[in-house]
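Understanding the architecture of this molecule
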Amino acid sequence: MNLIDLAKTAEMAPIGDEASGTAVGGVETSDAEAVNRKENRPLYQARVKIFPKAVRGRYRTVKWAVMAVTLAIYYLTPWIRWDRGLNAPDQAVLIDFSGQRFYFFFIEIWPQEVYYITGLLILAAFSLFLITALAGRVWCGYTCPQTVWTDLFLLVEGWVEGDRAQRIRLDKAPLSAAKIARRTIKHLIWILIAMATGGAWVFYFGDAPTLLRDLVTLRAEPVAYAAIGVLTFTTYSLGGLMREQVCTYMCPWPRIQGAMTDEDSLIVSYKDDRGEPRQPFRKRQDWSIRKDCIDCNQCVAVCPMGIDIRDGQQLECITCALCIDACDNVMAKIGRPRGLIDYDTLVNHDRRKRGEPARLRLLRPRTVLYAGLILVVGVVMLVSLITRSTLDVNVQHDRNPLYVRLADGSIRNGYTVKILNKDHAPARFRLAVDGLPEAAISIVGREPGVVGDLPVPADGLAGFRVYVAVPSSALTGATLPIDIRVVEQDGRRVANSPSIFRGPER
Ligand code: SF4
Ligand code: SF4
């Protein structure tokens with residue numbers, strides 16, 4: 001609607017919805033007002049249909065861009081190849097359960113290095129805390145998978161059934177061939193998207209081209225079809241059918257995020273000091289004697305959560321900022337400055353009322369704390385990744401018996417030594433014991449004293465039974481700390497594992 005349309009609108013009449021001709025932007029009985037009148041909110045409320053109106057603007061453009069990037073990352077990543085040489089998969093990102101490995105481009109995480117995943121999760125959590133402290137629920141509004149897929153499903157709904165007014169009309173219309181056709185097409189496209197989502201997920205767990213061929217020729221493992229089925233169902237139901245209910249009732253984050261924000265956090269806010277009391281638009285009105293909100297309800301019509309931001313901060317608000325775009329468009333049409341709804345802080349809300357200039361405090365104790373923790377965890381992870389070895393040794397001392405006295409009076413301990421070779425080539429190693437100068441080492445299956453040439457396959461683990469014996473006169477205590485050292489034959493790599501040598505009480 002342009003200014004001329006506005007002028008044509010009857011005196012005192014609010015801006016109407018283009019197609020429906022109803023007041024307040026087509027907000028009829030079905031959605032926002034009903035949702036907003038929740039004085040005593042029940043634990044769960046049956047879904048009230050919401051028909052968000054399409055909107056153009058800065059934040060909508062950002063959301064389209066984020067949606068395109070995140071979906072592209074999700075669907076295309078399994079198809080990126082990464083040459084790791086012979087004997088290694090060439091898929092850049094791969095969760096290889098059979099090989100017990102997680103590949104991420106040049107990083108290769110073994111099961112015993114799962115602490116890297118823990119570190120990543122800690123980093124993700126602190127990053128989320130920091131972003132929330134700075135700008136509220138931007139994660140929810142822009143990048144959360146629930147938001148991205150719901151946005152995609154709404155886009156399809158708009159293409160097939162039309163914008164808000166047409167969708168409301170279609171919803172109220174009696175069953176007809178046209179209605180069935182539109183609904184069928186919409187749900188079929190949703191199911192296709194959901195299947196593609198489930199399909200892309202399983203490609204992260206196997207070689208994508210091979211798995212695709214196996215899936216198409218029905219030769220893939222049953223678990224692959226089961227995973228696709230479950231993800232198809234959840235994507236379709238969460239993104240297409242339940243939508244905002246997931247954010248309001250199923251996701252714990254809205255409840256938690258309140259602890260991350262403070263009065264300096266940027267949140268989507270309605271500037272009531274500039275907008276209230278709201279009044280319908282009148283032609284040739286004097287803006288010096290009234291406030292800016294013309295009660296057109298466009299901000300409500302575009303809201304995917306069906307709420308009215310003018311009611312203040314609400315649990316349901318995912319900070320998608322589409323109401324900012326809607327209101328900015330209205331302000332442009334009526335010739336008022338944009339920003340009646342905007343990213344704002346509670347501090348600035350009060351400062352404006354006192355006539356003080358706005359201020360933005362990014363450096364606050366909590367943001368500094370979160371940033372510091374991100375820095376510390378990030379640096380620790382980076383250093384440990386850079387310095388990580390491709391050789392590991394794990395030593396287990398026999399529990400029973402703890403030691404054996406041999407016929408010649410010497411004391412012998414038994415160990416299981418596991419050598420992990422993370423190289424993509426097989427290697428040979430020799431063993432040594434530090435801390436027991438007179439130790440005699442023997443490896444089961446070898447001549448006594450032969451401690452070299454121990455083969456370990458590429459990307460593999462080999463275990464050896466090892467006996468260490470010392471004359472009892474060499475023991476200075478019942479328990480002696482020792483180090484089992486593994487050295488590659490060419491001396492290129494060395495790994496130690498601390499252990500103990502046990503003998504009788506002295
Ligand atoms: S109130 Fe505004 S920012 Fe919040 S969910 Fe609705 S449209 Fe998005
Ligand atoms: S805040 Fe803006 S979009 Fe919402 S009713 Fe007022 S003028 Fe219209």
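The paragraphs below set out a description of the structure included in this document. (Residues numbered from 1 in each chain as written. Chains lettered and ligands numbered in written order. Predicted model: local features only at pLDDT ≥ 70, side-chain atom pairs only at ≥ 80, totals over all residues.)

Quick look at the site of ligand 1 now. Every one of the 13 residues lining ligand 1 counts as a neighbour, but Cys303, Ile309, Cys317, Cys320 and Cys323 are closest to it. For the shell around ligand 1, the residue count by class is twelve nonpolar, one polar and no charged. (Near = placed C-beta within 6 Å. Nonpolar A, V, L, I, M, F, W, Y, C, P; charged D, E, K, R; others polar.)

The full set close to ligand 2 counts 16 residues, and Cys293, Cys296, Gln298, Cys299 and Cys327 are the nearest of them. For the shell around ligand 2, the secondary structure elements donating two or more residues are helix H15 (298–301) and helix H16 (322–334). Top element by residues in the shell around ligand 2 is H16. It accounts for three residues. Across the shell around ligand 2, the residue classes break down as ten nonpolar, three polar and three charged. (Helix = DSSP H or I, 4+ residues; strand = E, 2+ residues; numbered from the N terminus.)

Before going further, it helps to examine the sheet that holds strand E14 (residues 494–502). Reading across the sheet, the four strands line up as E11-E9-E13-E14 and stay open at both edges, with antiparallel pairing between neighbours. Edge positions in the open sheet fall to strand E11 (454–456) and E14, since each of these has one partner strand only. Each strand axis lies, on average, 35 degrees off the axis of its neighbour in the sheet, ignoring direction. In terms of strand pairing, strand E9 (residues 427–434) meets E11 through three bridges, oriented antiparallel. (Pairing = 2+ DSSP bridges. Axes fitted to C-alpha atoms, helices over the stretch in contact; angles between N-to-C directions.)

Here we take up unusual backbone geometry. Of note, the amide linkage connecting Glu276 to Pro277 takes the cis form, showing an omega dihedral of 0 degrees. Residue position: Pro277 is located in the loop between helix H14 (272–275) and H15. Geometrically, the link from Asn400 to Pro401 is a cis peptide bond, its omega value of 0 degrees lying close to zero. When you line up the elements, Pro401 lands in the loop between strand E6 (391–397) and strand E7 (404–405). Despite not being glycine, Leu218 has its phi angle at roughly 60 degrees, a positive value. If you trace the backbone, Leu218 turns up in the loop between helix H10 (208–216) and helix H11 (222–242).

Let's shift gears to the packing of helix H7 (residues 145–161) against H11. Describing two packed helices takes the angle between their axes plus the distance from one axis to the other. The geometry of H7 relative to H11 is characterised by a closest axis approach of 8 Å and an angle of 75 degrees between their N-to-C directions. Classed by the angle they form, the pair H7 and H11 counts as roughly perpendicular. Of the residues in H11, those in contact with Gln146, Trp149, Thr150 and Phe153 of H7 are Thr235, Leu238, Gly239 and Gly240. Here the contact of H7 with H11 is composed, by residue class, of three nonpolar, five polar and no charged. (Parallel < 35°, antiparallel > 145°, perpendicular 65-115°, else oblique. Contact = placed C-beta atoms within 7 Å.)

Relative orientation of the contacting elements helix H5 (residues 115–135) and helix H18 (residues 365–387) amounts to 160 degrees, with a least axis distance of 9 Å. With respect to H18, the axis of H5 lies roughly antiparallel. Of the two elements, H5 crosses H18, and the hand of that crossing is left-handed. Where H5 approaches H18, its residues Tyr116, Gly119, Ile122, Leu123, Phe126, Ser127, Phe129, Leu130, Ala133 and Leu134 are matched on the opposing element by Arg366, Thr367, Tyr370, Ala371, Leu373, Ile374, Val377, Gly378 and Met381. Looking at the contact of H5 with H18 residue by residue, the class counts come to 14 nonpolar, four polar and one charged. (Left-handed = near helix turned anticlockwise from the far one by under 90°.)

Glancing now at H7. Taking 1.5 Å per residue as the helical rise, H7 with its 17 residues ought to reach 24 Å, and the 24 Å between its terminal C-alpha atoms agrees with that figure. Those residues of H7 not exposed but buried are Thr147, Val148, Trp149, Thr150, Asp151, Phe153, Glu157 and Glu161. Elements in contact with the buried residues of H7: helix H4 (58–76), helix H6 (138–143), helix H8 (164–172), helix H9 (177–202) and H11. One or two residues past the end of H7 sits Gly162, with phi positive at roughly 95 degrees. (Expected span 1.5 Å × (residues − 1). Buried ≥ 20, exposed ≤ 12 C-beta atoms within 10 Å, placed from the backbone.)

One finds Cys299, Leu322, Cys323 and Ile341 to be the most contacted residues of the largest nonpolar core, which totals 31 residues. Broken down by secondary-structure element, the contributors of at least two residues to this core are strand E4 (267–270), H15 and H16. Considering each element in turn, this core owes the most residues, six residues, to H16. Ignoring sequence-local partners within four residues, the contact set of Cys323 consists of Val268, Cys299, Val302, Cys303, Ile309 and Ile341. Ranked by size, the runner-up nonpolar core spans 20 residues in total, among them Ile441, Val451, Val470 and Phe501. (Core = buried A, V, L, I, M, F, W, Y, C linked by C-beta atoms within 7 Å.)

Moving on, we come to the sheet that holds strand E1 (residues 93–96). Judged by pairing direction, the sheet is antiparallel, and its three strands sit side by side in the order E1-E2-E3 without closing on themselves. The sheet terminates laterally at E1 and strand E3 (107–109), the two strands that pair on one side only. Across this sheet, the average inter-strand angle for adjacent strands is 10 degrees, counted without regard to direction. Pairing analysis gives four bridges linking E1 to strand E2 (residues 101–104), with the strands arranged antiparallel. Bridge assignment links Leu94 to a residue of E2, and that residue is Tyr103.

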